[in-house]
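Spelled out, the chains give:
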Amino acid sequence: MPHSASAHPSPQASGPEPATGAVRLGRIRLRDFRNFERLECELPAEGVMILGSNGAGKTNLLEAVYYLEVFRSFRGASDRELVRFGQEVFRVEATVEGPRGERTIAAAYSAAERRKQVEVDRREVSRLSDAIGGLGAVVFSLEDVEIVRGSPSGRRRFMDILLSLVEPGYVDALGKYRSVLSQRNEALKGGADRAQLEAWSAGLIEVGARVMEARARWVAGRAAAFDHYHSRIAGGARGVLGYRPSLGAPAGRAAAASDDEASAEGRPPSRAAWAEAFRAALERTRERERRRGVTVVGPHRDELAFTAQVGGEEERDLRTYGSGGQQRTAALALRLAEADTLRERLGREPVYLLDDVFAELDRERSGRLLQLLEEGRSGQVVLTSPKPSEVRLRGGLDVWRLRDGRLES
Amino acid sequence: MSAIEDLITELGRLPGVGRKTAQRLAYHLLKTPPGEARQLSRAIDRVVDEVHACSTCGNLSDSDPCEFCSDARRDGAVLCVVEEASDITAVEKSGHFDGVYHVLGGRLSPLDGMGPDDLNITALLTRLRGGVREVILATNPSVEGEATATYLHRLLRDLEGVRITRLARGLPVGGDLEYADGVTIAEAFTGRRDM
Ligand SMILES: [Zn+2]
């Protein structure tokens, strides 16, 4: 280890505090979801390892479970694509023991009516934002590497989904931001005068500041944990998670919070400071946005930056300069930091949905990830793998086999 | 097109009425006694012939000036600006407002092709030249309603002696004035604040 734990004053840096309990998934029921016609199972309290060849539907099963957390596919699929071929309606249901006692969460989607229905304890919820995050789960997937190496929209999507789960009011602010933005862009395209643009700017600034403040606060709060997990998995190399708002950080304070900066700069900027910075940025870009007919600064252009020591002492952007393994390491550190965030919000361990995550890691990294998933973490695990593996979690998980959409234990 | 088809098509043009509902309504009308169906058709004829926008405030009424503009008991120095004439009914329900109204006839919404020129703003500016003390911006608490209020505030803020206020945010988020209950609207009026 190149640095001691004392270099990280944050409590997350020394690994998670033991949680008082864990969210436990119980019975899962699927109907006409992806390749599952009917599926019903009762998960063991510690979790399960699911074996199956490619195409057997391992990822589909995790996708179904996580659907009950965010009510959309974690793979970015449309609801329609989730309906089994030739069918009209899918349904996903699970019982979960969490902070609010035992509950049944269910979601159904009808392709014909284009209608999604979400139920908690058999009662339909009218606002999706009330049910979001009700499960308490985190997914680790092979595609997570795309968060690090893919387009900026994927990184914003990561922040938006996570903050929707843990930050009250975030979903509404984001939805409002998108509405105002499209109105404002239309006004710009139509050559609206300054008075009209300013009327739209007011709303944009109000909700945009809310979004940026939440993003900045999350990154600043988790940067130390990210660094810790990154260096643990990489076997030394430090990792820096930085928020890069398109309008620049409010004056006098760094938004990129490596732990040294965070302690030097104090708390992240207030919402009022973000609003002021946003106002100034819109003023600065007035000519440019008029020429282009589109709003050029704001949270819709934000970035999340991953940097790490690559090959030597210098810190470089992993998106451009990182190897596949380095990018994977950053993605795993990010998910572990996400799990910590959920734990804090839930007051207990989230469910870990691990989609074949050990497959593309070398032996060392694989072993270190395993260690991190065991140390101080007692959450239920659903781990998928194409073949039996020596990965041992939670003292050895039960093994189920998945074949053609059917489970065999 | 057959007479029935014609009726179904026309009913189907109404907001919130799909083809199925239009069919149901049409067959319902055919089953009701002819006198009742005629009453409906006469009522439609009457509103088309007799109801016009008030030349002062833009409210829809069969007299010009409308019943609010011509009511001497109402305080003509306090103006409540609403998006649609139907919003007036909602405000009246609250029983907490005794000023007069100004109907914009919509809200700013570039995506729907609605700009300031499409709203009844020129008439509003004219009215403000004569003895108005307060303008209450009672546009809906939606993204578009807020932008419209902000726009009007910037337009009016330099007028001397006119106080510009906005309804308190007691209304449900995104909820239209039209659907809020009387008590909620009364609270929104009482808690109105300077912009
Ligand atoms: Zn009138």
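Cut-offs used in this document
- Position numbers for residues count from 1 along each chain, tracking the sequence in the order it is written.
- As they are written, the chains are lettered A onward and the ligands numbered 1 onward, keeping that order.
- Since the coordinates come from a predicted model, pLDDT governs what is reported: local features require at least 70, and pairs of side-chain atoms require 80 or more to be given and counted, while whole-chain, interface and lining totals use all residues.
- Neither water nor hydrogens contribute to the side-chain values; these are computed over all heavy atoms in the structure.
- The way it works is that DSSP assigns letters per residue, a run of H or I at least four long becomes a helix, a run of E at least two long becomes a strand, and they are numbered from the N terminus.
- Computation of the radius of gyration draws on C-alpha atoms, with the globule rule given as 2.2 Å multiplied by the number of residues to the power 0.38.
- Relative accessible area decides the class of each residue, using a 1.4 Å probe on protein chains only: under 20% of the type maximum gives buried, over 50% gives exposed, and in between gives partly exposed.
- Whether two residues are in contact is decided by their heavy atoms: any pair within 4.5 Å suffices.
- When charges are counted, Lys and Arg contribute as positive and Asp and Glu as negative, whereas His and the chain ends are disregarded.
- Where a charge lies is defined by one atom per residue type: Lys uses NZ, Arg uses CZ, Asp uses CG and Glu uses CD.
- Each metal site is built from N, O and S donor atoms within 2.8 Å (3.2 Å for Na, K and Ca), and since water is not included, such sites may look incomplete.
- Geometry assignment treats four donors as tetrahedral when all angles are between 85 and 135 degrees, treats four as square planar and six as octahedral when opposite donors are over 155 degrees apart and all others between 65 and 115, and treats everything else as irregular.
- One requirement defines pairing of two strands: DSSP has to find at least two bridges between them.
- Axes, fitted as lines to C-alpha atoms, cover a helix only where it is in contact. Angles between the N-to-C directions of the axes lie from 0 to 180 degrees.
- Salt bridges are counted wherever a side-chain nitrogen of Lys or Arg sits within 4 Å of a carboxyl oxygen of Asp or Glu.
- Both cavities and pockets are sets of points on a 1 Å grid over the protein atoms alone; in a cavity a 1.4 Å probe fits but cannot get out, in a pocket the set is open with protein on both sides within 12 Å along at least five of seven lines, and lining residues sit with an atom within 4 Å of a point.
- Grid points are joined across faces, edges and corners, and a volume is the space filled by probe spheres set on the points.
- Side-chain classes follow a simple rule in which Ala, Val, Leu, Ile, Met, Phe, Trp, Tyr, Cys and Pro form the nonpolar group, Asp, Glu, Lys and Arg form the charged group, and the remainder, Gly included, forms the polar group.
- The score called pLDDT rates the predictor's confidence residue by residue, from a low of 0 to a high of 100.

A. Inspection of the overall build of chain A at higher detail. Scanning chain A from N- to C-terminus turns up 13 helices and 15 strands. Its C-alpha radius of gyration of 22 Å places chain A within 12% of the 22 Å reference for a compact globule of 409 residues. Referenced to the eigenvectors of the C-alpha coordinate spread, the extents of chain A come out at roughly 65 × 55 × 35 Å. With 409 residues in all, chain A has 56% of them scored as buried. Here the contacts in chain A between residues at least 6 apart in sequence split such that 70% fall between residues at least 24 apart. A gap of 3 Å separates the mean positions of the 64 positive and 60 negative side-chain charges of chain A.

B. Structural detail: the coordination of the zinc ion. Residue and element names in this part refer to chain B. For the zinc ion, every protein donor is listed as Cys-54 (SG), Cys-57 (SG), Cys-66 (SG) and Cys-69 (SG), and the spread of their distances is 2.2 to 2.4 Å. Geometry at the zinc ion is tetrahedral, judged from its four donor atoms and the angles of 104 to 115° they form at the metal. Taken in chain order, the donor set of the zinc ion reads C-x2-C-x8-C-x2-C. Highlighted residues: Cys-54 in the loop between strand 1 (52–53) and strand 2 (60–61) and Cys-69 in the loop between strand 2 and strand 3 (75–82), separated in sequence by 15 residues.

C. Fine view of the sheet that holds strand 12 (residues 351–355) of chain A. Residues and elements named next belong to chain A. Taken in spatial order, the six strands of this open sheet run 8-12-13-3-14-15, and their pairing is mixed. Bordering the open sheet on either side are strand 8 (137–141) and strand 15 (406–408), each of which pairs with just one other strand. In this sheet, neighbouring strand axes are inclined to one another by 20° on average, regardless of whether the strands run parallel or antiparallel. As paired strands, strand 3 (residues 47–51) and strand 14 (residues 398–403) are joined by four bridges and run parallel to one another. Directly across from Leu-51, in strand 14, lies its bridge partner Arg-401.

D. View of the pattern of salt bridges. Residues and elements named next belong to chain A. Inspection of the entire model under this criterion finds 53 salt bridges over all chains. With a closest N to O distance of 3.2 Å, Arg-29 and Glu-93 form a salt bridge. Of the two residues, Arg-29 is situated in strand 1 (residues 24–33) and Glu-93 in strand 4 (residues 89–98); the sequence distance between them amounts to 64 residues. In this structure Glu-93 comes out as buried when scored by relative accessible area, which is 7%.

E. Focus on the layout of surface pockets. Residues and elements named next belong to chain A. Approximately 540 Å³ is the volume found for the largest pocket. As for the largest pocket, its lining consists of 26 residues, and the residues nearest its centre are Arg-72, Asp-160, Ser-164, Leu-174 and Arg-178. At the level of secondary structure, the elements contributing two or more residues to the lining of the largest pocket comprise helix 3 (128–131), helix 5 (152–166), helix 6 (170–189) and helix 7 (194–234). With seven residues, the single largest contributor to the lining of the largest pocket is helix 5. Its residues placed into classes, the lining of the largest pocket shows 12 nonpolar, six polar and eight charged.

F. Representation of the confidence of the model for chain B in the model. Residue and element names in this part refer to chain B. Residues with a pLDDT of 70 or more make up 96% of chain B, whose mean pLDDT is 90. Per-residue pLDDT, averaged within each element of chain B, yields its smallest value for helix 7 (residues 182–190) (82) and its largest for strand 4 (residues 99–103) (97). Across the whole predicted complex the pTM is 0.85, and at the interface the ipTM reaches 0.81.

G. Spatial organisation of the sheet that holds strand 4 of chain A. Residues and elements named next belong to chain A. The antiparallel open sheet is built from six strands, whose spatial order is 2-1-4-5-6-7. The open sheet terminates on both sides in strands that have one partner only, identified here as strand 2 (36–42) and strand 7 (123–124). Pairing geometry for strand 4 and strand 5 (residues 101–110), over 10 bridges, is antiparallel. The residue bridging Glu-93 from the neighbouring strand is Ala-106, located in strand 5. Relative to strand 1, helix 1 (residues 58–70) is tilted by about 110°, and along the sheet it contacts strand 1, strand 2, strand 4, strand 5 and strand 6 (115–120).

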